[in-house]
Amino acid sequence: MEQITSSDGYTQPPPYAALRVKAIQSLLVDKGLVVEDALNEVVDLYENRIGPKDGAAVIARAWAEPEFRQQLLDDGTGTLAELGMTGFEGAHVVFVENTDTVHNVVVCTLCSCYPWAVLGLPPAWYKAPQYRSRAVMEPRDVLQEFGTFVPDDKEVRVWDSTAEIRYIVIPERPAGTEDLTVEQLAELVNRDSMIGTRLATPRQEAIA
Amino acid sequence: MRLLQANEVHDAIRTPTNFTRPDAPPTRFSVGDRVTVRNLNPTGHTRLPQYAKGRTGVISIHHGFFVFPDTMAHGEGDQPQHLYNVRFTVGELFGKHGGNPDDHVYIDMWESYLDEASS
């Protein structure tokens, strides 16, 4: 852990939340309720192995292959299961598609439900009370604060994940990307575009 | 107690829990039906958001026959029910609204949260 030394030469303690997590962890391990290596494996999985790159690969393929796109829309859960992208926080998944007349955005007003199995852990703002309450009440204002302007003639659809269904947005494919491979397209699928708070990254803004 | 080992973590995380149940009775509602949300205020766990109570919407999806968290959370069994997605206009939920009148909020709701709309 990073040590912060204050000007008087003493070391600041870590933040309260970090101390609390350490205390709970060492108690669970000392009492033999949790295997420490297993805990580290969980952390490693969500820090390094399961994340938005997984979802981006699925979306890019949906852009490139109309049949796959239709399969995702018809049976998100089954299609993801075939790809091994199922499991905890992702047992039932519905894909919703942005079009030239509809913009979708996902929220969990009750807590912070999120498709971990496909996108990894949720960003901090997704769990914040401000996002959770305002996304349903004033979705257009919230989207604008993310830099996403939805024209008035486009319908906004907000999906409140109150049950065990996890929603994932298929963003619109950016213009001028016809010649890109699926791997290159995946670079344009940013995490927030699958939540619906942003659009897919335009080609010129993506790292070449 | 058997402890989860490090080499079992990946498979455990990748094994989905099936929240659906077989032997579903007939549904009370069909896609397109207008429904009004009951003004339920249980003392315990519920998945019914406050802002939808008393509001009228339209059934947009029938998800299937799902376990009921409101009883599961209290050790009262899974008591499965049909789960629907209900579409509300933002105006119906929150009154005057600056965006498009077709802006909608879609909320997943168990059958016992809903009544047929009166008009």
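Chain B is annotated in an unreviewed UniProt entry as Nitrile hydratase beta subunit domain-containing protein of Prauserella halophila.

## Quick word on the overall build of chain B
Along chain B, the regular secondary structure elements total three helices and five strands. When its helices and strands are written in sequence order, chain B yields α-β-β-α-β-α-β-β. Viewed in the frame of its principal axes, chain B has a C-alpha envelope of about 55 × 35 × 30 Å. Taking all contacts inside chain B whose residues are at least 6 apart in sequence as the whole, residues at least 24 apart take part in 61%. Surface accessibility of chain B: about 6,300 Å² in total, with carbon and sulfur atoms responsible for 49%. Of the charged side chains in chain B, 11 are positive and 14 negative; the average position of the first set lies 5 Å away from that of the second.

## Quick word on the overall build of chain A
Scanning chain A from terminus to terminus reveals ten helices and four strands. Ordered by position from N to C terminus, the α and β elements of chain A give α-α-α-α-α-β-β-α-α-α-β-β-α-α. Structurally, chain A occupies a C-alpha span of about 55 × 40 × 40 Å along its principal axes. Out of the 208 residues in chain A, the part that is buried amounts to 44%. Taking as baseline every contact in chain A between residues at least 6 positions apart, the subset at least 24 positions apart corresponds to 65%. Within the structure as shown, chain A displays about 10,800 Å² of accessible surface, and the carbon and sulfur contribution to it stands at 54%. Taken as two groups, the 18 positive and 32 negative side-chain charges of chain A have centres that lie 3 Å from each other.

## Considerations on the interface of chain A and chain B
If you look at the interface, chain A gives 40 residues, while chain B gives 37 residues. The contact between chain A and chain B buries some 3,200 Å² in all, and 61% of this surface belongs to carbon and sulfur atoms. Linking chain A with chain B are two salt bridges, by the criterion used here. Between Arg140(A) and Asp103(B) there is a salt bridge, and its shortest N-O distance comes to 2.6 Å.

## Quick word on the nonpolar core
Trp63(A), Phe95(A), Tyr131(A), Val105(B), Met109(B) and Leu114(B) are the most contacted members of the largest nonpolar core, which has 70 residues in total. Here the element with the most residues in this core is helix α3 (residues 52–64) of chain A; it accounts for six residues. Ignoring anything within four residues of it in the chain, the contact list for Leu114(B) reads Arg28(B), Phe29(B), Val35(B), Thr36(B), Val37(B), Arg38(B), Ile59(B), Tyr84(B), Val86(B) and Met109(B). The next biggest cluster of nonpolar side chains, apart from the first, holds seven residues, and it includes Ala38(A), Leu45(A), Tyr46(A) and Ile13(B).

## A few points about the environment of Ala60(A)
Residue and element names in this part refer to chain A. Mapping Ala 60 onto the fold places it in helix α3. A relative accessible area of 0% means that Ala 60 is categorised as buried. Between the C-alpha atoms of Ala 60 and Gln 71, which are eleven residues apart in sequence, the distance is 14 Å.

## Re the UniProt feature "domain: Nitrile hydratase beta subunit" (unreviewed entry) in chain B
Residues annotated by UniProt as "domain: Nitrile hydratase beta subunit" (unreviewed entry) correspond here to residues 21–115 of chain B. For residues 21–115 of chain B, helix accounts for 9% and strand for 35%, while the C-alpha atoms at its two ends are 23 Å apart.

## Focus: the domain arrangement of chain A
Interface extent is often summarised as the accessible area lost during association of the parts. Partitioning chain A into structural domains gives domain 1 (16–48) and domain 2 (51–205). Its C-alpha centre places domain 1 of chain A at a distance of 30 Å from the equivalent point of domain 2 of chain A.

## As for the packing of aromatic side chains
Summed over the entire model, instances satisfying the criterion amount to 15 aromatic pairs over all chains. Residues Trp159(A) and Tyr106(B) carry aromatic rings whose centres are separated by 4.1 Å and whose planes lie at 20 degrees to one another, so their mutual orientation is stacked. Remark: Tyr106(B) occurs in strand β4 (residues 104–110) and Trp159(A) occurs in strand β3 (residues 155–160); the pair is interchain, linking two chains. Looking at Trp159(A), the relative accessible area reads 5%, which means it is buried. A relative accessible area of 5% means that Tyr106(B) is categorised as buried. Aromatic side chains Tyr51(B) and Phe94(B) sit 5.4 Å apart centroid to centroid with 25 degrees between the ring planes, which places their arrangement in the stacked category. Here Tyr51(B) is found in the loop between β1 (34–37) and β2 (56–66), whereas its partner Phe94(B) is found in helix α3 (residues 90–94), with 43 residues between them in sequence. We classify Tyr51(B) as buried; its relative accessible area is 16%.

Cut-off values and rules
Residues numbered from 1 in each chain as written. Chains lettered and ligands numbered in written order. Predicted model: local features only at pLDDT ≥ 70, side-chain atom pairs only at ≥ 80, totals over all residues. Heavy atoms only, no water. Helix = DSSP H or I, 4+ residues; strand = E, 2+ residues; numbered from the N terminus. Contact = heavy atoms within 4.5 Å. Areas by Shrake-Rupley, 256 points an atom, 1.4 Å probe, with all protein chains shown as cover. Lys, Arg positive; Asp, Glu negative; His and termini not counted. Charge placed at Lys NZ, Arg CZ, Asp CG, Glu CD. Buried < 20%, exposed > 50% of the residue type's maximum accessible area, 1.4 Å probe, protein only. Buried area = accessible area lost by both parts, 1.4 Å probe. Salt bridge = Lys/Arg side-chain N within 4 Å of Asp/Glu carboxyl O. Core = buried A, V, L, I, M, F, W, Y, C linked by side-chain atoms within 4.5 Å. UniProt positions renumbered as here; feature names shortened; annotations may be inferred. Domains from an automatic or database assignment. Phe/Tyr/Trp six-rings, centres within 6.5 Å; stacked < 30°, edge-to-face > 60°.

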